[in-house]
Amino acid sequence: ASEAATKAASPSTKRATALTAAERREASMQAELYSIIVATEHVESAFVRGAVSNEDYERSCKQLLAQFQTLRSALKEKVPDVRLWARENGLSCPLAEERLLGTGVTAT
């Protein structure tokens, strides 16, 4: 096959849609939100299993809670319902949702 035919068939030759700076910033913040939720789920799960000390759990959880609150404020217009947003993005993190959206404090 010719080089031109190979390039034409390659999916990498499709034009990418360029994002504005604001769109990149919003996508980045939503990626951070996703990461915080998943990380909180892992920390909570480890705590429930006894796989992490109370001190490590509390330190990690407090940091994630603070990051979540800051990000939630920044995204309140674009993501007014974090639970719905999580479902729409394929997340099922009940422990994280309870900690971040329910109690809002560490379990220790």
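(A) Structural context of the packing of helix α3 (residues 54-74) against helix α5 (residues 94-103). In the contact formed by α3 and α5, the axes pass within 11 Å of each other and the chain directions differ by 60 degrees. If you check the angle between α3 and α5, you find them oblique. Viewed along their axes, α3 and α5 form a crossing whose handedness is right-handed. Between α3 and α5, the residues in contact are Y57, C61, L64, L65, F68, Q69 and R72 and R99, L100 and L101, respectively. For the contact of α3 with α5, a count of residues per class yields seven nonpolar, one polar and two charged.

(B) Inspection of the environment of L91 at higher detail. Within the fold, L91 resides in the loop between α4 (82-88) and α5. With 54 residues separating them in the primary sequence, L91 and I37 have C-alpha atoms 8.5 Å apart. Those residues in contact with L91, other than ones at most four positions away along the chain, are Y34, I37, V38, W85 and A86.

(C) Geometry of α5. For α5, the full list of buried residues reads A96, E97, R99, L100 and L101. Elements that come into contact with the buried residues of α5 comprise α2 (21-49), α3 and α4.

Analysis parameters
- Residues numbered from 1 in each chain as written.
- Predicted model: local features only at pLDDT ≥ 70, side-chain atom pairs only at ≥ 80, totals over all residues.
- Heavy atoms only, no water.
- Axes fitted to C-alpha atoms, helices over the stretch in contact; angles between N-to-C directions.
- Helix = DSSP H or I, 4+ residues; strand = E, 2+ residues; numbered from the N terminus.
- Parallel < 35°, antiparallel > 145°, perpendicular 65-115°, else oblique.
- Left-handed = near helix turned anticlockwise from the far one by under 90°.
- Contact = heavy atoms within 4.5 Å.
- Nonpolar A, V, L, I, M, F, W, Y, C, P; charged D, E, K, R; others polar.
- Buried < 20%, exposed > 50% of the residue type's maximum accessible area, 1.4 Å probe, protein only.

Limitation: the analysis is restricted to geometry and does not speak to function.
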